Amino acid sequence: MHVEIHKLFQQFQTALARRPQASIVESLTEPPKLGDFMDRLDPNLRLDWSGQSFHGLPSLRHKVLQRMELADACSIDDVLITAGTAEANFLAIMQLVQPGDEMIVDTPGWPQPLVLANAIGAKLHTLPRDESRGWAIDLDQLANLIGDNTRLVFLCNPNNPTGHLIPVEELRKVVQLVDRVGAYLLTDEVYRGLEWGEEKTPSSAALYERGISTGSVSKVLGLQGIRIGWLVCRDPAVITDAIVLREDSSEIMNIMGEAIADIALGDDYYPDAISRARQTGRHNLELIDRLIQAQAALDWQRPAAGLIGFARLQLDISADEFSARLLDAPYDTFVMPGSAYDRPQHLRLGGGGTTARLEDGLQRLGNFLATLQ
Ligand SMILES: Cc1ncc(COP(=O)(O)O)c(C=O)c1O
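Residue numbers run consecutively from 1 along every chain, following the written order of its sequence. Local features are withheld for residues below a pLDDT of 70 in this predicted model, meaning they are given only at 70 or higher, and side-chain atom pairs are given and counted only at 80 or more; totals for whole chains, interfaces and linings count all residues.

**Structural notes on the overall build of the protein chain**
Move 1: Only runs of H or I of at least four residues qualify as helices and only runs of E of at least two qualify as strands under DSSP, and these elements are numbered from the N terminus. Within the protein chain one finds 13 helices and 14 strands.
Move 2: Each radius of gyration reported is based on C-alpha atoms, and the globular scaling rule is 2.2 Å times the count of residues to the power 0.38. Against the globule reference of 21 Å for 373 residues, the protein chain gives a C-alpha radius of gyration of 20 Å, in line with a compact fold.
Move 3: Over its C-alpha atoms, taken along the principal directions, the protein chain stretches across nearly 60 × 55 × 40 Å.
Move 4: For the protein chain, restricting intrachain contacts to residue pairs at least 6 apart in sequence, the fraction spanning at least 24 positions comes to 73%. Here, residues touch in the contact sense if the C-beta positions derived from the backbone fall within 7 Å of one another.

Spelled out as structure tokens, the structure:
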């Protein structure tokens, strides 16, 4: 099996090698520093495997259930601590989907399931999101794609890159469709906790016994670098298979990361951190929205959740050309072209990171746009 690079990663590699002075791509909350955790870390922590469980630290798994509001539906045996959402998705997809199995993935969406499905030799069906309906999924279309050979439906909810949020009633209908054929439903919920309206992110692990919810501390708490995420599923075979595959890659969890995540999801840290993240995220998205409203060249469906959105570029140049020119001097600013998601006329804009850095990026973007009118 050989996994091909996906265009999103390619774009990040190329643009970040240029070390741009500004960017409007950030998808995570401003990261805390190690010092923020120092006085709460145990200096006697042995830097060996915890020896407690191949599922990950029990206290951390408790907190994951509590913070993800899954404590009523799931037990800590249903939680596997992983190296981020990315590893959780990887372990689930690789063990569930075999060559020839059918897999359905929403697009635009997270590219990982697309490249993995192709590498496995699965039969891949894409479920196109509808921009005219705020990037919603079409349940009739999904019903037509689902068949007896469907093994897995993967949905990025809240969606990267559009910020669309599938409401709970709709996800229940998705569950009915997948349940009919006994398929699994994996929802990547890495942006859970950053909803901007009344609707909260529903968890497939709560709604369905073959539902798999993945997530992490990366986006909401800005702790991407500690590589701590989770896979939650009530089917014990999914957890066991994931542990078996992990034994042949990273083997066990990163104990320092687990210790920090355990603090970060605790009562002394999480409530303040999430409220700061939500406040800054809301403000930053408002700044992006203001710029878009003032520019005829851009239009977007404001994200319902998460820190990124997908703006349509209403100019005669492609998003690739637009972002290449913006990356050049004097603007020196990175925005992600939609070609990374096979949408050549869109730009992915992110309101993560600090407000000051975003304001700098938006100023540069505004200056560049002024030259194109
Ligand atoms: C939708 C989605 N899934 C997964 C990931 C990977 O996140 P993690 O750091 O939790 O592995 C990202 C990061 O950009 C993402 O946007």
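There is more to say after this.
**Describing the sheet that holds strand β7 (residues 184–188)**
Move 1: Taken together, the seven strands give an open sheet; going across it, the order is β3-β9-β8-β7-β6-β4-β5, and neighbouring strands pair in mixed fashion. Edge strands, defined here as strands with exactly one partner in the open sheet, are β3 (79–82) and β5 (123–128). The mean inter-strand angle of the sheet, taken between neighbouring strand axes irrespective of direction, is 20°.
Move 2: Summarising the sheet, strand β4 (residues 102–107) and β5 pair through six bridges and their orientation is parallel. Bridge pairing in β5 places Val105 opposite Thr126.
Move 3: Only the stretch in contact is used when a helix axis is fitted, and all axes are lines through C-alpha atoms; the angle between N-to-C directions ranges over 0 to 180 degrees. Its contacts with the sheet put helix α7 (residues 168–180) on β6 (150–156), β7 and β8 (211–216), and the angle it makes with β7 is roughly 145°. Only when DSSP finds a minimum of two bridges between them are two strands counted as paired.

**Here's the deal with the domain arrangement of the protein chain**
Move 1: Structurally, the protein chain comprises domain 1 (7–31 + 271–372) and domain 2 (35–270).
Move 2: Taking only C-alpha atoms, the centre of domain 1 and the centre of domain 2 are 25 Å apart.
Move 3: In this complex, domain 1 contributes 27 residues to the contact, which on the side of domain 2 involves 30 residues.
Move 4: Those elements that provide at least two residues to the side of domain 1 that touches domain 2 are α11 (270–293) and β11 (308–313). For the purposes of this description, domain bounds are those given by an automatic or database domain assignment.

**What to know about the nonpolar core**
Move 1: Here, a nonpolar core denotes buried Ala, Val, Leu, Ile, Met, Phe, Trp, Tyr and Cys residues that are linked to one another through C-beta atoms within 7 Å. A residue is called partly exposed when the number of other C-beta atoms within 10 Å of its own lies between 12 and 20, exposed at 12 or fewer, and buried at 20 or more, with C-beta atoms placed from the backbone. Ranked by size, the top nonpolar core spans 99 residues in total, and within it Ala92, Leu152 and Leu231 carry the most contacts.
Move 2: Ranked by residues supplied to this core, first place goes to helix α4 (residues 84–96) with six residues.

**A short note on the pairing of β6**
For a regular strand, side-chain orientation follows a simple rule: the groups alternate between the two sheet faces.
Move 1: With respect to burial, β6 is a largely interior element, seven of its seven residues being buried.
Move 2: Inspection of the sheet shows β4 paired to β6 by four bridges, in the parallel sense. Directly across from Val105, in β6, lies its bridge partner Phe154.
Move 3: Relative to β7, β6 runs parallel, the two sharing five bridges. Following the sheet pairing, Phe154 is matched in β7 by Leu186.
Move 4: Following the backbone out of β6, through α7 and into the adjacent parallel β7, one traces a crossover that is right-handed. Orienting the strands away from the viewer, one traces the path from the first strand over the helix to the second; a clockwise path indicates a right-handed crossover.

**Concerning the site of the ligand**
Move 1: As a matter of local geometry, the ligand sits amid 13 residues, with Gly84, Thr85, Ala86, Ser216 and Ser218 nearest to it.
Move 2: It is α4 that contributes the most residues to the shell around the ligand, three residues altogether.
Move 3: Considering only residue class, the shell around the ligand consists of four nonpolar, eight polar and one charged. Using a C-beta atom placed from the backbone, a residue is described as near a molecule or strand when that atom lies within 6 Å of it. Think of it as three bins: nonpolar holds Ala, Val, Leu, Ile, Met, Phe, Trp, Tyr, Cys and Pro, charged holds Asp, Glu, Lys and Arg, and polar takes everything else, Gly as well.

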